[in-house]
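Letter by letter, the chains look like this.
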Amino acid sequence: MGVSKEQRIKELKKKRIWPSVLGLFLIILIFSAIMIVAVTVSALDVVDRKLTDSSNMSVKIAKLFEAYGSENGKEIEKTVLSHINILDEIEAVSVIDEDENPVWSSNGEYPSLEDAAKVDYLPGITKNMEVIVAEDKAQVFIVDERGLNVDDSAVVNFKSLFNNESDDVTIALLKLWLVVPVNDMKVMVLNNTSIYVQDIQMALVCIIGCGLTIGVFVIYYLISIISMALSVRKTTKIIYTDMLTGGDNWLAFIKKGRKLLKKGIVQQKYAMLHLEMRKYRSFCTCFGVNRGQELIEAFYAVLKKEIKNKEVMAHQENSAFGLLLAYTDTAQLEARIHQIESALNTVLPAMKMYFGVGVYLVQPGERDIEQLYNNAMIACEMLGEESENKIAYFDVEMNNQKIWERKVEDDMERALVNKEFQVYLQPKISTSEEVLGGAEALVRWIHPTEGFIPPNRFIPIFEKNGFILKLDDYMLEEIAKVQAEWLAEGRKLVPISVNVSRAHFTREDLAEHICTIVDKYEVPHSVIELELTESAFFDDKKVLLNTVQKLRAAGFQVSMDDFGAGYSSLNSLKELQIDVLKIDADFFRGADVEERGLLIVSEVIDLAKKLDMKIVAEGIESKEQVEFLTEQECDLIQGYFYSKPMPVAEFAQKYNT
Ligand code: C2E
Ligand code: CA
Ligand code: CA
């Protein structure tokens, strides 16, 4: 089985939304990555710079201890303390000797050497340089041993450090002990390295830039996703809307029905209905297709009112509606159906409308709405075309019949090519001399897997689907061939009749068509008889009369088959000039009607004789029947009393005329 309709709709929806959602996700991912990289790089750079600054500063402070000794200790301590006061970044200074004994500390602390980072390099400052802090603490000069200013930029830097009154927001604070070896001592400087917002301006610009871009994209994608979702909703609505009624369509019916059965079937019994207006096509022919469509629309509105909560209904096609109704028992269901039919009849009060309803009683666990509906439809199909309100329930036999029809239709063309259809002949015996007076060709299907199939199992199907036209042509041709062979062999020929289904009488050139087939084998037309049923009379009478006339003129014998079966009309005998009347076997069946039946037969035989027709009695099984018919001077008898139909070869052998 292929993908279900619902799955297809789901796919359709998914395919439309997912690219946008994915796009949005990717954009956020890419920009976040850029942002993280930019922030990291710029933060690393800032930290690096700050650390360099700190180490420079620490080195400069440490240098003050180069000349530290008892004679100038106090002086240096004072200078260092004043530095600490001035420089925000320096919080404390501790000095230890080479044996790690405390020498001096600005705040009494001596951190362990492990906690401290060592600064073994003196970036930009050599041993010979000195840091001089101006009296007003506004300036620090770095001078070489000759007292010359070395680095103006350093001056500027220090100036800005001294004037560090900025209100910058600190975003990180690094507390770091840096150790600078000075002579035999280790000078440890506690650095407060603050990272201000200002320091990561680049990163901020980057964050804001990325943020804005992401924002724009997010908004764009959100808008596009929302509009897509709206359009998907709209499309979905269209997918589930019936354009004729404006209500639920078939897909919606399937979807809702399945949901309902999934939830409700445990507590509630459901019946699937196929409801259709009878003779809807005739209505459209009489009043126009537009009126027909308006009628369907009105039906929909009525049905919608009739449908209760937890039931579903939708227009299927033409005049058909599918209904999934809750019911308690079949009597209640039928009452409900009658009520629905009455409600539908209010649409056109001046006209009586009839409905055919096929019902399938849903069994627990069944959810395949299309299958259930198909069952309801099959039930309705079995009702035929009458003008009546009728309800039919689906049963398994109907399904088997449908499955069989499918098989027959699948196999028929192949069967014709492979000559699976075989001609059987049933003799017609003359009553006067008890000799062969004719035969009827009857088809048998020898199916490769099904075996022998009698005609009543496939002829009605072929009559419905039109394949009977090909089969009858085939049978006619086979008989013409057989007669030609027998003629060539010098046998005495008797007329063999073939059945011509009523479906042929739509073609005006039927007589010519039959001639063409028979003439291929150059057999005299008189040895071919064509059996048609009275029912053909009710189709195109003109074509029938014309064809019969042409066939008889061409020398064929024409017989009326099954006379007396179904709706016989003596009128057809009046209008139709034919050669042979075949009295149906029904006249001879049933004990109670026997006497009346035989009376009619004798009258019919009498009438036929007066009309100059030959009489063949069909389905004759008993000696008494044969005797009666002989007495009535019936011309030929066909029936099991003499012989069942048999293969051509067997027939040829048995009636080696
Ligand atoms: P039908 O044309 O009325 O054929 C007579 C049927 O009665 C045949 O059934 C035959 O076997 C049967 N029959 C003959 N004698 C007796 C009897 O004594 N007792 C009983 N119970 N039955 C008897 P069959 O061959 O099964 O054919 C059934 C129907 O199928 C035919 O009825 C005919 O309408 C149709 N059919 C058969 N072959 C063809 C064909 O090639 N073309 C068309 N269009 N219809 C065919
Ligand atoms: Ca027949
Ligand atoms: Ca017959």
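Worth saying up front: this structure is predicted, and the values here are computed from it rather than measured.

(A) Up close: unusual backbone geometry. One non-glycine residue, Asn318, adopts positive backbone phi at about 45 degrees. Within the element layout of this structure, Asn318 appears in the loop between strand 9 (312–315) and strand 10 (320–327). What makes Asn318 partly exposed here is its relative accessible area of 40%.

(B) Main features of a negative patch on the surface. A cluster of like negative charges, contributed by Glu98, Asp99, Glu100, Glu114 and Asp184, occupies part of the molecular surface. By relative accessible area, which is 73% here, Glu114 ends up exposed.

(C) Here's a closer look at the sheet that holds strand 9. Here we have five strands laid out as an open sheet, ordered 9-10-8-11-12, and mixed in their pairing. Two strands lie at the open edges of the sheet, namely strand 9 and strand 12 (390–393), each paired on one side alone. Strand-to-strand, the axes of this sheet are offset by a mean angle of 20 degrees, without reference to chain direction. As defined by bridge partners, strand 8 (residues 269–277) adjoins strand 10 across eight bridges and the pair is classed as antiparallel. When the bridges of strand 10 are listed, Glu276 appears paired with Ala320. Across the sheet, helix 9 (residues 369–381) touches strand 8, strand 10, strand 11 (355–361) and strand 12, and the angle it forms with strand 8 is around 50 degrees.

(D) Structural context of the coordination of the calcium ion (ligand 3). Within the protein, the calcium ion (ligand 3) binds to Asp561 (OD), Asp562 (OD), Glu618 (OE) and Glu618 (OE); these donor distances fall in the range 2.2 to 2.5 Å. Read in sequence order, the donor residues coordinating the calcium ion (ligand 3) give the pattern D-D-x55-E. Residue classification places Glu618 among the buried positions, given a relative accessible area of 13%.

(E) Inspection of the site of ligand 1 at higher detail. Close to ligand 1 lie 22 residues; Gln426, Arg444, Asp472, Glu621 and Tyr640 are nearest. In this structure, a nitrogen atom belonging to ligand 1 sits 3.1 Å away from a main-chain N or O atom of Val443. Contact distances for ligand 1 include 2.7 Å between a nitrogen atom and a side-chain N or O atom of Asp472. Here ligand 1, which alone exposes 800 Å², has 79% of that area covered by the protein. Looking at the shell around ligand 1, the elements that each hand over two or more residues are strand 14 (436–447), helix 12 (468–488) and strand 18 (557–563).

Calculation notes
- Residues numbered from 1 in each chain as written.
- Chains lettered and ligands numbered in written order.
- Predicted model: local features only at pLDDT ≥ 70, side-chain atom pairs only at ≥ 80, totals over all residues.
- Heavy atoms only, no water.
- Helix = DSSP H or I, 4+ residues; strand = E, 2+ residues; numbered from the N terminus.
- Buried < 20%, exposed > 50% of the residue type's maximum accessible area, 1.4 Å probe, protein only.
- Patch = residues over 30% accessible without salt bridge, like charges linked within 9 Å, V, L, I, M, F, W, Y side chains within 5 Å.
- Areas by Shrake-Rupley, 256 points an atom, 1.4 Å probe, with all protein chains shown as cover.
- Salt bridge = Lys/Arg side-chain N within 4 Å of Asp/Glu carboxyl O.
- Lys, Arg positive; Asp, Glu negative; His and termini not counted.
- Charge placed at Lys NZ, Arg CZ, Asp CG, Glu CD.
- Pairing = 2+ DSSP bridges.
- Axes fitted to C-alpha atoms, helices over the stretch in contact; angles between N-to-C directions.
- Contact = heavy atoms within 4.5 Å.
- Donors = N, O, S within 2.8 Å, 3.2 Å for Na, K, Ca; no water.
- Near = heavy atom within 4 Å.
- Polar contact = N/O pair within 3.5 Å; in protein donor to acceptor, adjacent residues only side chain to side chain.

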